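# An overview of the molecular structure
What follows is each chain in one-letter form.
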Amino acid sequence: MTPRRPASLLRLSLPALALLCLLGAPASAAPAITMGGEGWVQYGRIVRSTDTSTFDYNGDFMRATAAQLSLRARFSEKLEVGAGLGAMERHFLLGGVGNNGGRNPVQVYPYIVEARFTSTFWNGGEAGEGSGSALRLTGGFFPYNYNPDVKNLGLYLLRGPVYPGIVVSGFETRHVLPLANTLGFHLHHRAGAFEQDFILASEHELYPLFDVSPAYIASYRFGKVLRVGAGVNFYHLLPVAPRLTNPDTLAYNGSDDASAPLNRSWIYVDTAGPGSADDDTTYLSFAGTKLMANASLDIKALFGGLPALGPEDLKLYGEVALIGLDRRKAYQALYGGYSERMPVMVGFNFPAFKMLDHLSLEVEHYGARFRDDLKRYQATNSGYPSPIPAAPPAGAPSTARDDWKWSLHAARSLGASVRLSAQIANDHTRPGGKLYDPAGEWQSIFAAPRDWYWMGKLAFFF
Amino acid sequence: MRAGIPLRSCAWFGTMVVALACSAAAQDSAQVQYKGAAWLQVGRIEHSSDKVNNGPYNNFNKNWQQGSGVQIASTTRVGPEWEGAFGLGASVGHNARGDLSVANNQYPVWSVFVSEARLTYAAPVGDSKLRWTLGFFPYNYNPEVRNLGLYLLRGMVYPGVLVSGFEARHVSPGANIFGGWGRYSRGGFTNDLLLISETDTRPYFDLSLADVVSWQAHPALQVGAGVNFYRALPRDRSLIAPGKNCDNSFSNYQQVDPSTGSGDNCAIFDTVSVDTAGVAVVDTVTGSLQGTKVMGRFRLDPKLLFGWGAPFGKQDLVLYGEAAVLGFKDYPKYYENLAERIPVMVGLNLPAFGLLDRLALEVEYYGSKNHSDYGKTETYYAWTPRVVPVNNARDDWKWSLYASRVIAGNLRLSGQVANDHLRTFGAPSLGFTTYAEALTTPRDWYWMLKLTSFF
């Protein structure tokens, strides 16, 4: 089977750049500059973690603190520039007493809050009003969230890889905060109640880096009661190095391990044929397609609003996705059928009667049969990153025990500058490396229904 | 007395900074201005010939490079004479991955940096102006340069490696000088005196003293010259001039590199003759990283000379150039010919007729026969070049075509195709840094595109 050879990045970049050249909005000489900043501390604990096949995270504490500064300059109605950066201190999870020798020094991470421009071609009316239209282009490294109801679970379309369909979530990740998560361009169009977004994202997180993923998301609002949306993400459709994204050989450094199907680098060998001569070899790709649909129903709007409730109360929302459309035998063997590639999330904002900004319960079902582990997407000195799922280590719990996830998130703003938030959950939080092996420990900490953690956060901002 | 002078200099520096800061703080009418920039860039090394340094793992052919960054800064004016500025930035890059066989170890690289941290005092003195700046600040004596050139303050003397690349910090508004800067200007004459603490290459902290003058001889013609007493005030003279033997069991520095078997890490062993018994007579030559650079440059705008206006853009047809001597002292084997230590560049802003802000073609000739690699300096503090079996005569000519255009007032699109002194610093899988250039023959080149939003 010959892998696909998609078009080069250049073909896509040039139209985008040409579009930029058409921006003719004159700028004012003295921009209006606003400064913003935020600091936060968070603290929590893993109360139970069943999977102790690598590290034992039971009882581990989690702590992080960060500070960020941002400047936004508005030159006219048509052009705004945002620049912000921050630094975070955190610790790798300690594991059991013997896992890190008891040593767990602080790690410092710089991050970009935003590095973007936004050019507004026209802007009439406000979003959700059902009238007017808007068109704007954002470029750089910027925040994007197509489903603002999500507090933790969901956002399947743009988080995580396709093969294997690893799902990403956790406590207030940057995907649900106003922090840069998309590197590339975003064209937004609104016409009345209809909104559509075209995203051209350059891969900056997962191997193979640089690849470009075009995505399209559309939504429609039925008054204030209902919003429905759908999207498609052609993940890594435009590879910059096709031989990395769509491998066509066993390995480039002889590291292919044929001892077990999940140890291979890039191939799946179907040995179900009558003899070895009939074995069917399939080269697996990092590229794939995701589909997504979401909806949000504001129940109180059905009754014309209830004054005792907050604006987020009584909202019912949900999201479903299909991660990977390839149904060839090798893909079905590794990733299952369509029903096993479909994460479904439903969320509900309980009535908090304005005592909280929201109190959101989210529940997810995802019947993936592979181990919930991003280990094979990390840079390593041995072997290659691979779209083949990670092999469960000895003693790991059954992958069927982590199908259900849940999260209860609460937040309360105190004035305009302080926000308290907290969460208890059994979600897809990952250790994100360990002290002596930053590429290790990328499995979900929570692998069984009884697993959970709690986290609290204090944020202050201006 | 090895460290006396730098120590006193540092103490003086510190006292000055504190005094100036206290004086500035005494003012209570601060005016603060903010500025910032954000960018996104992507490019590819199309051809890289070097199969010695760059192969097999460091095969950079068809390697992509990508980056994104942000910086924010503020300038505070305290009264009519004092100004302070500080800024910081962060960037994430995905460096060249090397050969496919080592592509498994590619990962994002995060960097934080200081874009400026300075205190400036400026006041008129009669018909003249005097300005003092202390801290970490941007300085560029030749603002025409887009890529090649700026020899006086970039790179070393021995070995005379050159530095350039796409929108390097030396041509961008980011801090590149750590130390002090005094500027005297009167009419079209400007004199810059710089005391520079080394921040780029090992050993750090050494002080260099430089002076740069420029004269606007005519509205159409500017000429300039400068001298840099590179590492004139070393932190530790034994580091920059190790003598005959740099073997050090603690630091593992050795006269002979065990990995390559090559020597001359701290002294040159020059075979000068053969005695009557047929045994080579070797002259041991000691030297130093210390040296003197001089530079001359010009900028000529024929539009002003001949009164040409439209349809040319403001920068069109500007011709500029720079030449330098990198060290006046000859050493056998590696630095025998002064002519091979003279880089020359000429640039011309091609007519863009207002469609572009600049379309600059730069060409450079540098006849050094040493390998353009300062790996031995970073490893052994060596003043000698790294010796590798490649033809060093094939990289004498460099070129660069650079274009930029500001669109919508505060967005800037820029791009470059070039065969310059780009360094990739090695594939991530190597686990160590290399300091060789990626482009070593006339066939080598790369391109980059960048989109910057700024205010």
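Here is what the cut-offs are and how they apply
- Residues numbered from 1 in each chain as written.
- Chains lettered and ligands numbered in written order.
- Predicted model: local features only at pLDDT ≥ 70, side-chain atom pairs only at ≥ 80, totals over all residues.
- Heavy atoms only, no water.
- Phe/Tyr/Trp six-rings, centres within 6.5 Å; stacked < 30°, edge-to-face > 60°.
- Helix = DSSP H or I, 4+ residues; strand = E, 2+ residues; numbered from the N terminus.
- Buried < 20%, exposed > 50% of the residue type's maximum accessible area, 1.4 Å probe, protein only.
- Lys NZ or Arg CZ within 6 Å of the ring centre and 35° of its normal.
- Core = buried A, V, L, I, M, F, W, Y, C linked by side-chain atoms within 4.5 Å.
- Contact = heavy atoms within 4.5 Å.
- pLDDT = per-residue confidence, 0-100.
- Pairing = 2+ DSSP bridges.
- Buried area = accessible area lost by both parts, 1.4 Å probe.
- Salt bridge = Lys/Arg side-chain N within 4 Å of Asp/Glu carboxyl O.
- Polar contact = N/O pair within 3.5 Å; in protein donor to acceptor, adjacent residues only side chain to side chain.
- Nonpolar A, V, L, I, M, F, W, Y, C, P; charged D, E, K, R; others polar.
- Lys, Arg positive; Asp, Glu negative; His and termini not counted.

### Points about the packing of aromatic side chains
Enumeration according to the criterion identifies 30 aromatic pairs over all chains in this entry. Where Trp308 of chain B meets Phe312 of chain B, the ring centres are 6.3 Å apart and the plane angle is 35 degrees; that geometry is what we call tilted. Between Tyr374 of chain B and Tyr435 of chain B the ring centres are 4.9 Å apart and the planes differ by 50 degrees, which places this aromatic pair in the tilted class. Of the two residues, Tyr374 of chain B is situated in the loop between β15 (358-365) and α4 (375-380) and Tyr435 of chain B in the loop between β17 (411-419) and β18 (445-454); the sequence distance between them amounts to 61 residues. Here Tyr374 of chain B matches Tyr435 of chain B in class, with each residue buried. Taken together, the aromatic side chains of Tyr158, Tyr331, Tyr334, Tyr335 and Trp383 of chain B make up a single cluster linked through ring pairs. The residue whose ring lies beneath Lys290 of chain A is Tyr235 of chain A, and the NZ or CZ to ring-centre distance is 5.9 Å.

### Concerning the nonpolar core
Looking at soluble globular proteins, one finds that nonpolar side chains tend to be buried together. In terms of nonpolar packing, the biggest core is built from 45 residues, with Tyr146, Ile217, Leu244, Leu284 and Tyr335 of chain A touching the most fellow members. Of all elements in the fold, only β7 (194-202), β8 (212-222), β13 (315-323) and α4 (329-335) of chain A reach the threshold of two or more residues within this core. Of the residues forming this core, the biggest block, 4 residues, is contributed by α4 of chain A. In this structure Leu284 of chain A touches Pro247, Trp266, Ile267, Tyr268, Tyr331, Leu334, Tyr335, Pro387 and Ile388 of chain A, once residues within four positions along its chain are discounted. Counting residues in hydrophobic clusters, the runner-up holds 30 residues, among them Ala83 and Ala180 of chain A together with Ala408 and Leu411 of chain B.

### Considerations on the confidence of the model for chain A
Residue-level pLDDT values for chain A average 88, and 89% of them are 70 or greater. Low pLDDT (under 50) marks residues 1-28 of chain A, which in the prediction has 51 contacts with non-local residues, meaning those over four places away or in another chain.

### Re the pairing of strand β3 (residues 79-91) of chain A
For a regular strand, side chains alternate in direction, first toward one face of the sheet and then toward the other. Residues and elements named next belong to chain A. With respect to burial, β3 is a largely interior element, 10 of its 13 residues being buried. With 11 bridges joining them, strand β2 (residues 61-74) and β3 adopt antiparallel strand pairing. Bridge pairing in β3 places Gln68 opposite Gly86. Taking the residues that link successive antiparallel strands as the turn, the β2-β3 hairpin has 4 residues. Where β3 lies against strand β4 (residues 106-123), 13 bridges are found, and the strand directions are antiparallel.

### Some remarks on the interface of chain A and chain B
Tallying the contact residues gives 52 residues for chain A and 48 residues for chain B. Across the chain A to chain B interface the summed buried area is about 4,000 Å²; carbon plus sulfur atoms make up 77%. Its largest share of buried area at the contact with chain B, chain A owes to Leu85, Pro110 and Phe210 of chain A, together 16% of the area lost on that side. Summed over the shared surface of chain A and chain B, the result is 0 salt bridges. Summed over the shared surface of chain A and chain B, the number is 4 residue pairs in polar contact (both at pLDDT 80 or more). Those elements that provide at least two residues to the side of chain A that touches chain B are α1 (9-21), β1 (32-48), β2, β3, β4, β5 (133-142), β6 (182-191) and α2 (242-245) of chain A. No other element matches the 7 residues that β4 of chain A contributes to the side of chain A that touches chain B. Per-class residue counts for the side of chain A that touches chain B are 36 nonpolar, 12 polar and 4 charged.

### Structural notes on the pattern of salt bridges
Where side chains of opposite charge bring their charged atoms close, a pairing between them can arise. Residue and element names in this part refer to chain A. This structure, assessed with the given rule, holds 42 salt bridges over all chains. Residue Arg48 pairs with Asp451 through a salt bridge whose shortest N-O separation is 3.8 Å. Here the residue Arg48 occupies a position in strand β1, and Asp451 occupies one in the loop between β17 (418-426) and β18 (452-461), the gap between them amounting to 403 residues. Arg48 gets classed as partly exposed once you look at its relative accessible area, which sits at 30%. A salt bridge links Glu172 to Arg419, with the nearest nitrogen and oxygen atoms 3.4 Å apart. Taken together, the residues Glu172 in the loop between β5 and β6 and Arg419 in strand β17 connect sequence positions 247 residues apart. We classify Arg419 as partly exposed; its relative accessible area is 22%. In the salt-bridge network here, residues are joined through shared partners; they are Arg72, Arg74, Glu80, Glu114 and Arg116.

### Concerning the side chain of Asp403 of chain A
Residues and elements named next belong to chain A. Relative to the helices and strands, Asp403 is located in the loop between β15 (358-365) and β16 (404-414). Here Asp403 occupies a buried position and makes no salt bridge, while the nearest side chain of opposite charge, Lys405, is found at 8.6 Å. Every residue in contact with Asp403, bar those within four places of it in the chain, is listed here: Glu364, His365, Tyr366, Gly367 and Ala368.

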